[in-house]
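The lines below spell out each chain.
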Amino acid sequence: MKPRPVPDDVTDFYWTAARRGELAVAACLPHGHLNFPPDISCAVCGARDLEPRTVSGRGRVYSFTVVRQAFDTSFAPDVPYVIALVELDEQPGLTILTNLVDVDPESVAIGDRVRVTFEDRDGERLPQFILDRGAP
Ligand SMILES: [Zn+2]
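Conventions adopted
- Residues numbered from 1 in each chain as written.
- Predicted model: local features only at pLDDT ≥ 70, side-chain atom pairs only at ≥ 80, totals over all residues.
- Heavy atoms only, no water.
- Pairing = 2+ DSSP bridges.
- Helix = DSSP H or I, 4+ residues; strand = E, 2+ residues; numbered from the N terminus.
- Donors = N, O, S within 2.8 Å, 3.2 Å for Na, K, Ca; no water.
- Tetrahedral: all angles 85-135°; square planar, octahedral: opposite > 155°, others 65-115°.
- Buried < 20%, exposed > 50% of the residue type's maximum accessible area, 1.4 Å probe, protein only.
- Salt bridge = Lys/Arg side-chain N within 4 Å of Asp/Glu carboxyl O.

Trainee: How would you sum up the pairing of strand β5 (residues 81–88)? Please name residues and give values.
Mentor: Note that strand β4 (residues 58–67) and β5 share 8 bridges and pair antiparallel. Bridged to Val67 within β5 is Tyr81. Summarising the sheet, β5 and strand β6 (residues 95–100) pair through 6 bridges and their orientation is antiparallel. Bridge assignment links Leu85 to a residue of β6, and that residue is Leu97. Where β5 folds back on β6, the antiparallel hairpin that results is connected by 6 residues, among which Gly93 adopts a positive phi of roughly 85°.

Spelled out as structure tokens, the structure:
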């Protein structure tokens, strides 16, 4: 069985949003910097006053790799699969490490448009991304 997300005090908003089918990041209150992954302070300015912010779930492939050997047997049926760093549209440099699903790994290119989708996993919903080649 694949690992199940384990929400904690810092990440609970992210997993709660995912259960609703939304992608959320942490916004710092002083400046509105968007942060991912969730943390106790803003990675840009260090502010500790953060609030959840729902984002569009749209972005571009910033970088990616193709996994051809499963180091966890629960992922063996998925090989080969794509791990991607997706830059979200809302802020340059706001990236999320994720999987691209429902895609031929050989067809993925840096810059491809993507959008969020959600994988049900043992009572939680895991944000993943799919190609959105129709998007500008
Ligand atoms: Zn900030």
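Trainee: A description of the coordination of the zinc ion should follow, citing residues and the corresponding values.
Mentor: Each donor-metal-donor angle in an ideal tetrahedron of four donors is 109.5 degrees, and each such angle in an ideal octahedron of six donors is either 90 or 180 degrees. Around the zinc ion, the protein contributes the donor atoms Cys28 (SG), His33 (ND1), Cys42 (SG) and Cys45 (SG), at 2.1 to 2.4 Å from the metal centre. Here the zinc ion binds 4 donor atoms, and the angle range of 104 to 115° at the metal identifies the geometry as tetrahedral. In primary sequence terms, the donor set of the zinc ion follows C-x4-H-x8-C-x2-C. Taken as a pair, Cys28 in strand β1 (residues 23–28) and Cys45 in the loop between β2 (34–35) and β3 (50–55) lie far apart in primary sequence, 17 residues in all. Assessed through its relative accessible area of 2%, Cys28 is described here as buried. For Cys45, a relative accessible area of 34% corresponds to the partly exposed category.

Trainee: Pulling in residues and values, what's your account of the pairing of β1?
Mentor: Burial analysis of β1 places 6 of its 6 residues in the buried class, which makes it a mostly covered element. Burial along β1 is two-sided: the residues Leu23, Val25 and Ala27 and Ala24, Ala26 and Cys28 are all buried. Sheet analysis places β1 next to β3, joined by 6 bridges and oriented antiparallel. Each residue of the ladder has a partner; that of Ala26, found in β3, is Pro52. Inspection of the sheet shows β1 paired to β2 by 2 bridges, in the antiparallel sense. When the sheet's bridge partners are listed, Ala26 is paired in β2 with Asn35. The turn linking β1 back onto β2 is made up of 5 residues, and Gly32 within it adopts a positive phi angle of 80°.

Trainee: Can you break down the pattern of salt bridges residue by residue, with the values?
Mentor: This structure, assessed with the given rule, holds 13 salt bridges. Close ionic contact of Asp122 with Arg4 constitutes a salt bridge, the shortest N to O distance being 3.5 Å. One end of the pair, Asp122, is in the loop between β7 (113–121) and β8 (124–131); the other, Arg4, is in the segment before α1 (12–19), with 118 residues separating them in the sequence. Overall, Asp122 belongs to the partly exposed group, its relative accessible area being 47%. Given a relative accessible area of 38%, Arg4 falls into the partly exposed group.

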